[in-house]
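Residues per chain, in single letters:
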Amino acid sequence: MSNRKYDVIVLGGGLSGCGAALAAARNGAKTLLVERINALGGAPCTMGVNPFMSYKTRNPETGEIIPLSRGIFAELENNLREAGAMYYNAFNAEWMKIILNRMMLESGVELLFNSVAASAKREGNRVTSVTVSNKSGLVELEASYFIDCTGDADVAFLADFPYRLGRPGDQLCQPMTLCFQICNVDYEVFKESQKSIIPIWQAEHAKGYIKNPMTEIMVFNTPIPGVVQLNATRIVKKNPTDCWEVTQADIIAREQIVELYDFLRKFIPGFENCHIVASAPQTGVRESRMIDGEHILSAEELKDCIKFEDRIAAGNYDIDIHNPEGSGTSHYFFPQGQYYTIPYRSLIPKDAENLLVAGRCISTTHEAQASIRILPIVCTLGEAAGTAAAIACKNGCNVKDVDISTLQDTLTKAGAFIG
Ligand SMILES: Cc1cc2nc3c(=O)[nH]c(=O)nc-3n(C[C@H](O)[C@H](O)[C@H](O)COP(=O)(O)OP(=O)(O)OC[C@H]3O[C@@H](n4cnc5c(N)ncnc54)[C@H](O)[C@@H]3O)c2cc1C
């Protein structure tokens, strides 16, 4: 049993968790950030995700570019740029780990790495402690407020708050993808033939030579010369919260890497002498548990670009649904200059008094999650949750009773954009 007691404990050190911990600490809360691996950043480190998806819109009348994710996300992006670790929207994830450590320590966030949230105690609608499993054994951690940024809503699940999985009816989630990197690519040569990659892949697919159901192969350049990133494996109809199904997904995905590597070397100019250099430590999960919150954000609300009274973040990334059953990806692109907002209520598990959730597992439908899940937006959701928890802590109130105008003013003063 740990004798440490915190105002706020954030579980999960992805960009939502980092936003949450920084905001909580900067607003005066004694804050602990707990992470399962030995580094911060989340999916860019654990699942090899890169680059930052688009988070800007252009005012069609004035031509002005409006960044919709600001605050802590903008600070992180600037720090990466200053370190020479950005290439357009792509970043060097190793530098992200270093920079995030420094940001945490400068803001007074205490860190606990290599620790997995394994159980939670609950009295009524309050979470009283979360027990983590690590090399010290089982360590029980107490706090006045908890923020679940595990991506999979692990804490809400362990504390028995209601959640949904995937789309209604069959509960299928978006496909999983094991991201990997290939080195020794002649990118200048590849650029010339880039357009031919999809038709050649599809032709091979049609001949039955390829098992991977992915039909659109995208190759992202990285800040490291000769190294490219592929988010091109696709594992469908596996439940990302079932340990046995995830193991099957891992095995299938690794064979798909071999298939892609053979294809690139054989058919695509610039890849003749390439090597597989790294695959992500974890097969990437786009979607899994989503809490049932005080508000369930829907795609219709996104498409109508509703400006909620309790809005705490904004976005306009397309509703990008990779087919949970096989090939193809559907899109809904927002018109230039338009954006939606995300209500604070979608961060509160139904009836919870001292638990908030941020990141890809907030309370949305399957379709809405396909837009709000990108790295820039989850960071802003974390910043909102951390700020709200610190305000609740100051006032000794339930998360539901946080004064919305105080929350919005505090976020705006810290540089956030809430629409
Ligand atoms: C294949 C793939 C490609 C993607 N491509 C892009 C892209 O190009 N651009 C983009 O912007 N977004 C992309 N995304 C979406 C984006 O990466 C995620 O939606 C986003 O990272 C979610 O952030 P998060 O903080 O909610 O969760 P995560 O980034 O997953 O962070 C969760 C953190 O919590 C930790 N954790 C998990 N469980 C526990 C536990 N029980 N105890 C303690 N710690 C725990 C994890 O180790 C991790 O560090 C992609 C996602 C996938 C899977």
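Every residue gets a number counted from 1 within its own chain, in the order that chain's sequence is written. Owing to the predicted nature of the model, reporting of local features is limited to residues with pLDDT of at least 70; listing and counting of side-chain atom pairs is limited to 80 or more, with chain, interface and lining totals taken over all residues.

## Section: the overall build of the protein chain
Along the protein chain, the regular secondary structure elements total 12 helices and 23 strands. Scaling as 2.2 N^0.38, a compact globule of 419 residues should have a C-alpha radius of gyration of about 22 Å, and the protein chain matches this with 21 Å. Overall, the C-alpha framework of the protein chain stretches about 65 × 55 × 45 Å when taken along its three principal axes. Contact between residues is assigned whenever the C-beta positions, reconstructed from backbone atoms, fall within 7 Å. Of the contacts formed within the protein chain by residues at least 6 apart in sequence, a portion of 75% connects residues at least 24 apart. Helical segments are the DSSP runs of H or I of at least four residues, strand segments are the runs of E of at least two, and each set is numbered from the N terminus. When we talk radius of gyration, it's over C-alpha atoms, and the globule rule is simply 2.2 Å times the number of residues to the 0.38.

## Notes on the environment of alanine 20
Counting through the fold element by element, alanine 20 comes out in helix 1 (residues 15-26). Field definition: a residue is buried when 20 or more other C-beta atoms are found within 10 Å of its C-beta, exposed when 12 or fewer are, and partly exposed for counts in between, with C-beta atoms placed from the backbone. Assessed through the 40 C-beta atoms surrounding it within 10 Å, alanine 20 is described here as buried. Linking alanine 20 and cysteine 379, residues 359 residues apart in sequence, is a C-alpha distance of 7.8 Å. Non-local contacts of alanine 20, meaning those with residues more than four positions away in its chain, are made with Val10, Ile147, Cys149, Ala358, Gly382, Ala385 and Gly386.

## Description of the pairing of strand 1 (residues 5-11)
Within strand 1, six of the seven residues are buried, which leaves the element mostly enclosed by the surrounding structure. Relative to strand 10 (residues 137-148), strand 1 runs parallel, the two being bridged by six bridges. Looking at the pairing, lysine 5 lines up with glutamate 142 of strand 10. Strand pairing is defined by DSSP finding a minimum of two bridges between the two strands. Where strand 1 lies against strand 2 (residues 31-34), four bridges are found, and the strand directions are parallel. Bridge pairing links valine 10 to leucine 33 in strand 2. Orient the strands so they point away from the viewer; a crossover is then right-handed if the path from the first strand over the helix to the second runs clockwise. Taken together, strand 1, helix 1 and strand 2 form a β-α-β motif whose crossover is right-handed.

## Points about the site of the ligand
Among the 38 residues in the neighbourhood of the ligand, the closest are listed as Gly12, Gly14, Gly42, Gly284 and Gly359. A per-class count over the shell around the ligand returns 18 nonpolar, 13 polar and seven charged. Domain extents, as shown, originate in an automatic or database domain assignment. Residues from two domains meet in the shell around the ligand; each of domain 1 (5-168 + 287-413) and domain 2 (176-284) gives at least three. Near, as applied to residues and a molecule or strand, means the residue's backbone-placed C-beta atom lies within 6 Å of it. Only Asp, Glu, Lys and Arg are considered charged in this grouping, and only Ala, Val, Leu, Ile, Met, Phe, Trp, Tyr, Cys and Pro are considered nonpolar; every other residue, Gly among them, is considered polar.

## Concerning the nonpolar core
Any nonpolar core is a set of buried residues, restricted to Ala, Val, Leu, Ile, Met, Phe, Trp, Tyr and Cys, that join up through C-beta atoms within 7 Å. Val8 and Ala389 are the most contacted members of the largest nonpolar core, which has 97 residues in total. Residue contributions to this core peak at 13 residues, all from helix 11 (residues 375-395).

## Some thoughts on the pairing of strand 10
Regular strands place side chains that alternate from one sheet face to the opposite one. For strand 9 (residues 126-134) and strand 10, the ladder comprises six bridges, and the chain directions are antiparallel. By the bridge assignment for strand 10, serine 129 is matched with glutamate 142. Between the antiparallel neighbours strand 9 and strand 10 lie two residues. With three bridges joining them, strand 10 and strand 23 (residues 355-357) adopt parallel strand pairing. Considered in strand 23, the bridge of aspartate 148 is made with valine 357.

## A word on unusual backbone geometry
Geometrically, the link from asparagine 50 to proline 51 is a cis peptide bond, its omega value of -5° lying close to zero. Looking at the element boundaries, proline 51 is found in the loop between helix 2 (43-46) and strand 3 (56-58). Positive phi values are uncommon outside glycine, yet aspartate 160 reaches one of about 70°. Among the secondary structure elements, aspartate 160 is positioned in the loop between helix 5 (154-158) and strand 11 (163-165).

## A closer look at the sheet that holds strand 16 (residues 275-279)
One open sheet holds the four strands; their spatial order is 14-15-13-16, and the pairing between them is antiparallel. Edge positions in the sheet fall to strand 14 (219-221) and strand 16, since each of these pairs with one other strand and no more. Going across the sheet, the axis of each strand differs from the next one's by a mean of 30°, ignoring polarity. Looking at chain direction, strand 13 (residues 180-183) and strand 15 (residues 228-230) are connected through three bridges and run antiparallel. Following the sheet pairing, isoleucine 182 is matched in strand 15 by valine 228. Axis lines are fitted to C-alpha atoms, over the contacting stretch for helices. Their N-to-C directions set the angle, which ranges from 0 to 180 degrees.

## Digging into the packing of helix 3 (residues 72-82) against helix 4 (residues 93-107)
Contact pair helix 3 / helix 4: the axes reach a minimum separation of 10 Å and the direction vectors enclose 120°. As the angle between them shows, helix 3 and helix 4 are arranged oblique. Our pair here, helix 3 against helix 4, has a crossing hand that is right-handed. Side by side, helix 3 and helix 4 meet where Leu76, Asn79 and Leu80 of the first sit next to Trp95, Met96 and Ile99 of the second. Among the residues making up the contact of helix 3 with helix 4, the classes are represented as five nonpolar, one polar and no charged. Angle categories: roughly parallel below 35 degrees, roughly antiparallel above 145, roughly perpendicular from 65 to 115, and oblique for all the rest. Two helices crossing with the near one rotated counterclockwise from the far one by less than a right angle form a left-handed crossing, whereas a clockwise rotation gives a right-handed crossing.

## Brief notes about the domain arrangement of the protein chain
Once the domains are mapped, the protein chain shows domain 1 (5-168 + 287-413) and domain 2 (176-284). Taken together, the 23 residues of domain 1 in the interface contact 20 residues of domain 2. Mapped onto the side of domain 1 that touches domain 2, the elements with two or more residues apiece are helix 2, strand 5 (86-87) and strand 6 (90-91). Here the residues of the side of domain 1 that touches domain 2 are counted per class, giving 11 nonpolar, nine polar and three charged.

## Digging into the environment of leucine 80
Note on placement: leucine 80 falls in helix 3. When the 22 C-beta atoms within 10 Å are taken as the criterion, leucine 80 is described as buried. Separated by 254 residues in the primary sequence, leucine 80 and phenylalanine 334 place their C-alpha atoms 28 Å from one another. In contact with leucine 80, other than residues within four places in its own chain, are Ala85, Met86, Phe91, Trp95, Met96 and Ile99.

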